[in-house]
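Observations on the three-dimensional arrangement
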Amino acid sequence: MARQLRDHSKVDVTGCSFESRVIPAGEGAALRLRAGQRVKVINTAGTQVVDCWAFSADDPREFMSMEHTRVEIQRVAPRAGDQLFTNRRRPMLTLVEDTSPGVHDTTLAACDVYRYERLGARGYHRNCTDNLAQAMRAAGSSVAGTPCPLNLWENAAVQQDGSQVIAPPVSAPGDYVVFRAELDVTVVFSACPQDMTPTNGADATPKDAHFVVLD
């Protein structure tokens, strides 16, 4: 089950007076946002990738789609000011602010048990696919599948020869993004549990991240 969110520092983590919540290392968290509300997602350690999904509160079959977003923004990764679109081509979230270098990924599928099996894991390994399902159940909803997430701070750049290399994030401790909901949504964050590649830094160690609902 997704761990119940823990309260954390009001100042040290977020740099603002609003109360923050932890996304435990390797686990997921869900929250509801009304249209117009904003959420700040903090890369507390600077090295943690956070998978991000959003689903319509009215119909979870409508979800934030990386495939549709890339077509609409004509880029492979969003920048501050860009809207993120649903599979029905409606704006769902807007990336209002980004203090990091802006290196995010929209191409890689969420990790799953099969990914870790292929990497050599023995037995069950926590993964973002299961984190999504568990967090949605905890929020009283469900998903039929796993959309491609917005992989915040994941450094998976496509090289000139067409290859794609996963390298440590280039964000700094405390870097954050702010999203504004354009619809009533359920948002899910997963502090990716990847510890077999440098997705979460050269030490391959997942760490806590945090979020704050700003209004």
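Residues numbered from 1 in each chain as written. Predicted model: local features only at pLDDT ≥ 70, side-chain atom pairs only at ≥ 80, totals over all residues. Heavy atoms only, no water.

Of note, the phi angle at Arg 89 is positive, near 60°, even though the residue is not glycine. With respect to the secondary-structure elements, Arg 89 resides in the loop between strand S5 (83-85) and strand S6 (91-98). The backbone phi angle of Trp 153 is positive, close to 70°, even though this residue is not glycine. With respect to the helices and strands, the residue Trp 153 is situated in the loop between strand S7 (150-152) and strand S8 (175-181). Trp 153 sits in the buried class, given a relative accessible area of 1%. (Helix = DSSP H or I, 4+ residues; strand = E, 2+ residues; numbered from the N terminus. Buried < 20%, exposed > 50% of the residue type's maximum accessible area, 1.4 Å probe, protein only.)

Applying the stated rule across the entire model yields 9 salt bridges. One continuous salt-bridge network, built from bridges that share partners, spans Asp 59, Arg 61, Glu 62, Arg 88 and Arg 90. (Salt bridge = Lys/Arg side-chain N within 4 Å of Asp/Glu carboxyl O.)

Right, let's get into the layout of surface pockets. There is about 210 Å³ of room inside the largest pocket. Together, 13 residues line the largest pocket, and Leu 108, Ala 109, Ala 110, Cys 111 and Arg 115 are the ones closest to its centre. Within the lining of the largest pocket, the residues separate by chemical class into 6 nonpolar, 3 polar and 4 charged. Within this model, the second largest pocket holds a volume of roughly 160 Å³. Lining the second largest pocket, in full, are Val 76, Ala 77, Val 103, His 104, Asp 105, Thr 106, Thr 107, Glu 154, Ala 156, Ala 157, Val 158 and Gln 164. Its residues assigned to classes, the lining of the second largest pocket comprises 6 nonpolar, 4 polar and 2 charged. (1 Å grid on protein atoms, 1.4 Å probe; cavity = no way out; pocket = protein on both sides within 12 Å on 5 of 7 lines; lining within 4 Å. Points joined across faces, edges and corners; volume = space filled by probe spheres on them. Nonpolar A, V, L, I, M, F, W, Y, C, P; charged D, E, K, R; others polar.)

Let us now look at the nonpolar core. Counting residues in each nonpolar core, the largest one holds 29 residues, and the members touching the most others are Met 64, Leu 93, Leu 152, Phe 179 and Phe 189. Going through the elements one at a time, strand S2 (28-33), strand S3 (38-43), strand S4 (50-56), S6, S7, S8, strand S9 (185-191) and strand S10 (209-213) are the ones with two or more residues in this core. Considering every element that reaches this core, the biggest residue donor is S9, with 4 residues. If we ignore the near neighbours within four places in the chain, the residues touching Phe 179 are Gln 37, Arg 38, Val 39, Val 41, Cys 52, Leu 84, Leu 93, Thr 94, Leu 95, Val 96, Leu 150 and Leu 152. Listed in part, the 13 residues of the second largest apolar core include Ala 110, Cys 128, Ala 135 and Met 136. (Core = buried A, V, L, I, M, F, W, Y, C linked by side-chain atoms within 4.5 Å. Contact = heavy atoms within 4.5 Å.)

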